[in-house]
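Read off the chains here:
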Amino acid sequence: MNSPKVLVVDDDPMIRDALAEILSSVGGYVTDVAMNGSEGIEKIKDKPYDIVFTDLTMPQVNGMDLLRETRKINSDLPVVVVTGFSTIENAVAAMKEGAYDFITKPFKIQQVISLAKRIIGERRQLNDVTIKENQKASIDRLNAELFSKLQEISIFQSLSTELDGLHNNKDIYERIVEMVTRLLEVKEASFGILENGYLKIKSAIGTRVKSIPIRGSIFENALKNRNFYLAKCEEINPHSETAIASSFLTIPLSLNHEVFGLLNLAERADGAAFSEDEIYLAMNFAKKAALRIENNALYDILYNNLVNALKSLVITIEARDPYTRHHSERVTTYSLDIAEVMNLSDEDKDAIRFGGYLHDIGKIGVRDTVLLKPDRLTPEEVEEIRLHTVIGDNIMKPLNFFEREKPLIRNHHERIDGRGYPDGLMGAEIPLIVKVIAVADSYDAMTSSRPYRKARSHEFALEEMVRCSNTQFDADVVKAFLNTTALKKKGIWVFN
Ligand SMILES: [Fe+2]
């Protein structure tokens, strides 16, 4: 009786080869492999198989497409889908489409074998094939190989998670070299960006080179083919300009199909060559790093554009009203001084730095006749001015940034006693950074000339703030304000 024939379709060579080897060495099946969905379909058309194992997630023709095509070519051919545990619902969907069964990754050798056995048994009514004693050694060897591959995958996953936590490209440049050295155990690694015909090294381990000319170097091969290049021993190591001792692998990193950098790994600690699995792992890692770098760059562009747009809006508002010119800037400076005295966190200071600047952004929606009125305001006009907090909030609301800054814009006119606006928040309901801005804002409003009154003196403003502690203002914030360096420098007031 001929051995049953099994086709394994997976774009991940580690999983593909592990599965094929388990099926051939332990199960005794004749195995064939396909590295993507289209190749799988072609092979199913050409050859008679008894089972097909297929990955679900593959580029272009995925496992579901292959399953549907197989149903058309040979509706009796059992297809087993291989899926990650977290995507089990995909396996269920595949079963509904006619998959014979599914296994989850990481799979166990016995599980694969007994599944294949059961299918063959059911399909051909054969007796169970038991794993013979003399196959124990190969089971042990495969188990060890599988274990080490799973270890690699789990290291890769933890590195990917670490990479996701980095939001600054400078940090990423440094960390990718450390990570990849850990992942593939190399003595030399570098990451560089392509610039005017040179690879400008951004971070490196085991080499101090800063800039490498591309022309005439082994990098040309990787750049020409936009693919990894595994240099041979007689070639020149661009890190040291000496002959490569054991290995040198260079991997291009691309954004929008343009190569922008190279990740280089050289001289394996054990002197061995890079295996296909390791190259695949390093390529995946580089792909992941490139995506992270792209996301950060996009985020930075978006954030900076937004910040600049909002800043020009503030400048526009202040240009309309000569009395408040530079008000936002001063409020921010006073608030940062208070934050310093109160020992607030860097995050709080960042929120103040930006939110202080924007706190009156809603004034863009207040009419000039009201904003610049030289006489006392009517109650209706006071209401209109007060609306600037809500208008500002509405401007910021659709933006998915600035969550910490938003309360500074909406709530900087709230009072500790709940008599402020727009929400009438009280005491602890008002975030501390908002209380800080409220103090700085009131001080600057009192000491600046308004259309309807002249600036009050510095002393008057401070007395007023002390008088209104615990009603309008948070007493600790007022105390901190009185102790700020700026005031101390003026030599006017130190409050304990
Ligand atoms: Fe305001």
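Residues numbered from 1 in each chain as written. Predicted model: local features only at pLDDT ≥ 70, side-chain atom pairs only at ≥ 80, totals over all residues. Heavy atoms only, no water.

Caption draft 1: View of the pattern of salt bridges. Within this structure, the stated rule accounts for 31 salt bridges. Residue Lys 288 pairs with Asp 164 through a salt bridge whose shortest N-O separation is 3.5 Å. With Lys 288 in helix α9 (residues 276-320) and Asp 164 in helix α6 (residues 136-164), this residue pair connects regions lying 124 residues apart in the sequence. Salt bridges here are not isolated pairs; linked through shared partners, they connect Asp 32, Glu 39, Lys 43 and Lys 47. (Salt bridge = Lys/Arg side-chain N within 4 Å of Asp/Glu carboxyl O. Helix = DSSP H or I, 4+ residues; strand = E, 2+ residues; numbered from the N terminus.)

Caption draft 2: Looking closely at the coordination of the iron ion. Looking at the iron ion, the protein donor atoms are Asp 360 (OD), His 388 (NE2), His 412 (NE2) and His 413 (NE2), and they sit 2.2 to 2.4 Å from it. Read from N- to C-terminus, the donor residues coordinating the iron ion fall into the pattern D-x27-H-x23-H-H. For His 413, a relative accessible area of 24% gives the class partly exposed. (Donors = N, O, S within 2.8 Å, 3.2 Å for Na, K, Ca; no water. Buried < 20%, exposed > 50% of the residue type's maximum accessible area, 1.4 Å probe, protein only.)

Caption draft 3: Representation of the packing of helix α17 (residues 458-467) against helix α18 (residues 475-482) within the structure. Remark: α17 packs on α18, axes separated minimally by 9 Å, with the N-to-C direction vectors making an angle of 155 degrees. Taken together, the axis directions place α17 and α18 in an arrangement best described as roughly antiparallel. For α17 against α18, the interelement crossing comes out left-handed. Across the interface between the two elements, Leu 462, Met 465 and Val 466 from α17 touch Val 478, Phe 481 and Leu 482 from α18. Of the residues contributing to the contact of α17 with α18, the split by class is 6 nonpolar, no polar and no charged. (Axes fitted to C-alpha atoms, helices over the stretch in contact; angles between N-to-C directions. Parallel < 35°, antiparallel > 145°, perpendicular 65-115°, else oblique. Left-handed = near helix turned anticlockwise from the far one by under 90°. Contact = heavy atoms within 4.5 Å. Nonpolar A, V, L, I, M, F, W, Y, C, P; charged D, E, K, R; others polar.)

Caption draft 4: Quick look at helix α2 (residues 37-46). Taken as a whole, α2 has its buried residues at Gly 37, Gly 40, Ile 41, Lys 43 and Ile 44. Down the axis of α2, the smallest arc covering the buried residues is 165 degrees, so these residues share one side. Sitting at the head of α2, Asn 36 places a side-chain oxygen 3.3 Å from the backbone nitrogen of Ser 38. (Arc of directions from axis to C-beta. Polar contact = N/O pair within 3.5 Å; in protein donor to acceptor, adjacent residues only side chain to side chain.)

Caption draft 5: Highlighting the sheet that holds strand β5 (residues 101-105). Strand order in this open sheet of 5 strands is β2-β1-β3-β4-β5, and the pairing throughout is parallel. Each of the sheet's edge strands pairs with one partner strand only, and the pair in question is β2 (30-34) and β5. Neighbouring strand axes in the sheet, compared pairwise and without regard to direction, differ in orientation by 20 degrees on average. Examined bridge by bridge, strand β4 (residues 79-84) and β5 share 5 bridges and lie parallel to one another. Bridged to Gly 84 within β5 is Lys 105. Set on the sheet, helix α1 (residues 13-26) makes contact with β1 (5-9), β2, β3 (51-55), β4 and β5; between it and β2 the angle comes to about 170 degrees. The strands touched by helix α3 (residues 63-73) within the sheet are β1, β3 and β4, with β3 carrying the most contacts at an inclination of about 155 degrees. (Pairing = 2+ DSSP bridges.)

Caption draft 6: Here's a closer look at the side chain of Glu 381. By the secondary structure assignment, Glu 381 is in helix α13 (residues 379-386). Glu 381 has contacts with Val 370, Lys 373 and Arg 376, leaving out every residue within four places of it along the chain.

Caption draft 7: Highlighting unusual backbone geometry. In this chain, Tyr 421 is followed by Pro 422 through a cis amide linkage whose omega measures 5 degrees. Note on placement: Pro 422 falls in the loop between α15 (406-411) and α16 (432-447). A positive phi is found at Glu 185, a non-glycine position, where the angle reads about 50 degrees. As for its position among the elements, Glu 185 is in the loop between α7 (169-184) and β6 (186-195). Residue Asn 196 is not a glycine yet carries a positive backbone phi of 50 degrees.

Caption draft 8: Looking closely at the sheet that holds strand β8 (residues 211-213). Strand order across the open sheet formed by 6 strands is β8-β7-β6-β13-β12-β9, with antiparallel pairing between neighbours. Single-partner strands in this sheet number two, and they are β8 and β9 (229-231). Strand-to-strand twist in this sheet, taken as the mean axis angle between neighbours without regard to direction, amounts to 25 degrees. Direction of pairing for strand β7 (residues 198-205) relative to β8: antiparallel, over a ladder of 3 bridges. In the strand pairing of β8, Lys 200 is matched with Ser 211. Together, β6, β9, β12 (248-255) and β13 (258-268) form the strand contacts of α9, whose direction differs from that of β12 by roughly 30 degrees.

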